[in-house]
Amino acid sequence: MTLQADLQGHCALVTGASGTFGTHFATVLAGAGASVVLAARRVETMQVLAERLTATGAAVAVVPLDITATHSIEAALDAVPPSFGVVDILVNNAGANHSAAALEQTAAQWDEVLDTNLKGAFFLSQAVALRLIAAGRSGSIINIASVLGLRQSLAVTPYAISKAGLIQLTRQLALEWARHEIRVNAIAPGYFLSDMNRYYFDTPPGQALLKRVPQRRLGQPTDLTGPLLLLASSASAFMTGAVLSVDGGHAVSTL
Ligand SMILES: NC(=O)c1ccc[n+]([C@@H]2O[C@H](COP(=O)([O-])OP(=O)(O)OC[C@H]3O[C@@H](n4cnc5c(N)ncnc54)[C@H](OP(=O)(O)O)[C@@H]3O)[C@@H](O)[C@H]2O)c1
């Protein structure tokens, strides 16, 4: 199926653009005509993607970003090429996880997961919103949460808490920033194959988990294309504070 959205004249910043989802999101947004800013720590990986997208005629820039450091957030936004205009589509996609039983989680692991998935998403959203308000522009913020922000699983306590927090952050910011015409929505993906979880789905518990997904399959990045374009574009002009589950029915699986 071909999904269409016209994002010409918009500037989209995708965090975690060196990873599985981020690569797909950047490709989709560039394909819809947005200027795209790729942001993450692994600059060389993003340069390869930027070259590929630029070859298709897209306007793409790479900015280094450590989302856990507030000075890095400001530096990343300052590095957006002036010709791209102000960032008016933000995809908070950077994410980290440390799988361990709650009794074994360390403070350093807790901090890394919460600082990346929740605190970083908040302060980048705040920095983007301040620039949008100063420019008198509307915007769309899309937070990449997780089915684990809605349900529970073993050995992912900080991650699940960070994603539940990201869902509530989505609603908080939607409420506060509606007056500024900044919409804030979330996508809650279920289990997709990625660098973060590839090892897990080769294990017996990973295989057993798949059997509990009503649609009995892992997601593909293309399953996120429609929800992303919906939330990024004016097709969702009257949507804010929404959380879209894209999980093959996992969040509604039977008890
Ligand atoms: N795959 C799934 O099944 C699934 C399901 C639900 C939700 N999600 C969520 O989807 C998002 C993307 O996941 P993915 O599957 O694409 O994983 P991935 O391939 O491992 O990508 C994670 C991305 O986050 C970036 N990142 C991590 N720490 C960062 C930091 N301190 N500063 C800036 N960027 C940072 C990484 O970039 P650098 O290392 O280059 O900085 C990488 O690009 C995550 O938020 C994840 O929680 C994934």
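The notes below deal with the structure included here. (Residues numbered from 1 in each chain as written. Predicted model: local features only at pLDDT ≥ 70, side-chain atom pairs only at ≥ 80, totals over all residues. Heavy atoms only, no water.)

1. Observations concerning the packing of helix α1 (residues 20-31) against helix α7 (residues 225-232)
Thinking step 1. Where α1 meets α7, the closest approach of the two axes is 10 Å, and the angle between their N-to-C directions is 55°. Put simply, α1 runs oblique to α7. By crossing handedness, the relation of α1 to α7 is classed as right-handed. The segment α1 lies against α7, with H24, F25, V28 and L29 engaging T225, L228, L229 and A232.
Thinking step 2. Split into classes, the residues belonging to the contact of α1 with α7 amount to 6 nonpolar, 2 polar and no charged. (Axes fitted to C-alpha atoms, helices over the stretch in contact; angles between N-to-C directions. Helix = DSSP H or I, 4+ residues; strand = E, 2+ residues; numbered from the N terminus. Parallel < 35°, antiparallel > 145°, perpendicular 65-115°, else oblique. Left-handed = near helix turned anticlockwise from the far one by under 90°. Contact = heavy atoms within 4.5 Å. Nonpolar A, V, L, I, M, F, W, Y, C, P; charged D, E, K, R; others polar.)

2. With respect to helix α3 (residues 70-78)
Because each turn of an α-helix spans 3.6 residues, side chains separated by three or four positions in sequence point in the same direction.
Thinking step 1. Along α3, the residues classified as buried are S72, I73, A76 and L77. One side of α3 holds all its buried residues, which, seen down the axis, span an arc of 135°. Away from its buried face, by an angle of more than 90 degrees, α3 presents the exposed residues H71 and D78.
Thinking step 2. For α3, the elements touching its buried residues are β1 (11-15), β3 (60-64) and α4 (107-135). (Buried < 20%, exposed > 50% of the residue type's maximum accessible area, 1.4 Å probe, protein only. Arc of directions from axis to C-beta.)

3. Some points on the packing of aromatic side chains
Thinking step 1. Summed over all chains, the structure comprises 6 aromatic pairs.
Thinking step 2. Between Y200 and F201 the ring centres are 5.4 Å apart and the planes differ by 70°, which places this aromatic pair in the edge-to-face class.
Thinking step 3. Within the aromatic cluster, the residues linked to one another by ring pairs are Y191, Y199, Y200 and F201. (Phe/Tyr/Trp six-rings, centres within 6.5 Å; stacked < 30°, edge-to-face > 60°.)

4. A few points about the sheet that holds strand β4 (residues 89-92)
Thinking step 1. The strand order across the open sheet formed by 7 strands is β3-β2-β1-β4-β5-β6-β7, and the pairing between neighbours is parallel. Lying at the two open borders of the sheet, with one neighbouring strand each, are β3 and β7 (243-246). In this sheet, neighbouring strand axes are inclined to one another by 20° on average, regardless of whether the strands run parallel or antiparallel.
Thinking step 2. Pairing analysis gives 4 bridges linking β4 to strand β5 (residues 139-144), with the strands arranged parallel. Bridged to V91 within β5 is I142. (Pairing = 2+ DSSP bridges.)

5. Considerations on the site of the ligand
Thinking step 1. If you check the shell around the ligand, you find 28 residues, and the closest are S18, F21, R41, Y159 and F192.
Thinking step 2. Residue N93 places a main-chain N or O atom 2.9 Å away from an oxygen atom belonging to the ligand.
Thinking step 3. In the complex, the protein chains occlude 94% of the 880 Å² of accessible area that the ligand would expose alone.
Thinking step 4. Breaking the shell around the ligand down by element, the ones donating at least two residues are α1 and α5 (157-177).
Thinking step 5. Grouping the amino acids of the shell around the ligand by side-chain chemistry returns 12 nonpolar, 12 polar and 4 charged. (Near = heavy atom within 4 Å. Polar contact = N/O pair within 3.5 Å; in protein donor to acceptor, adjacent residues only side chain to side chain. Areas by Shrake-Rupley, 256 points an atom, 1.4 Å probe, with all protein chains shown as cover.)

6. Considering the pattern of salt bridges
Thinking step 1. A complete count under the given rule lists 4 salt bridges for this structure.
Thinking step 2. Of the charged contacts in the structure, one is a salt bridge between R131 and E74, with a shortest N-O distance of 2.8 Å. Residue R131 is found in helix α4, and its partner E74 is found in helix α3; the two are separated by 57 residues along the sequence.
Thinking step 3. Residue classification places R131 among the partly exposed positions, given a relative accessible area of 27%.
Thinking step 4. E74 gets classed as partly exposed once you look at its relative accessible area, which sits at 37%.
Thinking step 5. Note that D78 is salt-bridged to R131, the shortest N-O span being 3.0 Å. In this pair, D78 is assigned in helix α3 and R131 in helix α4, connecting sequence segments 53 residues apart. (Salt bridge = Lys/Arg side-chain N within 4 Å of Asp/Glu carboxyl O.)

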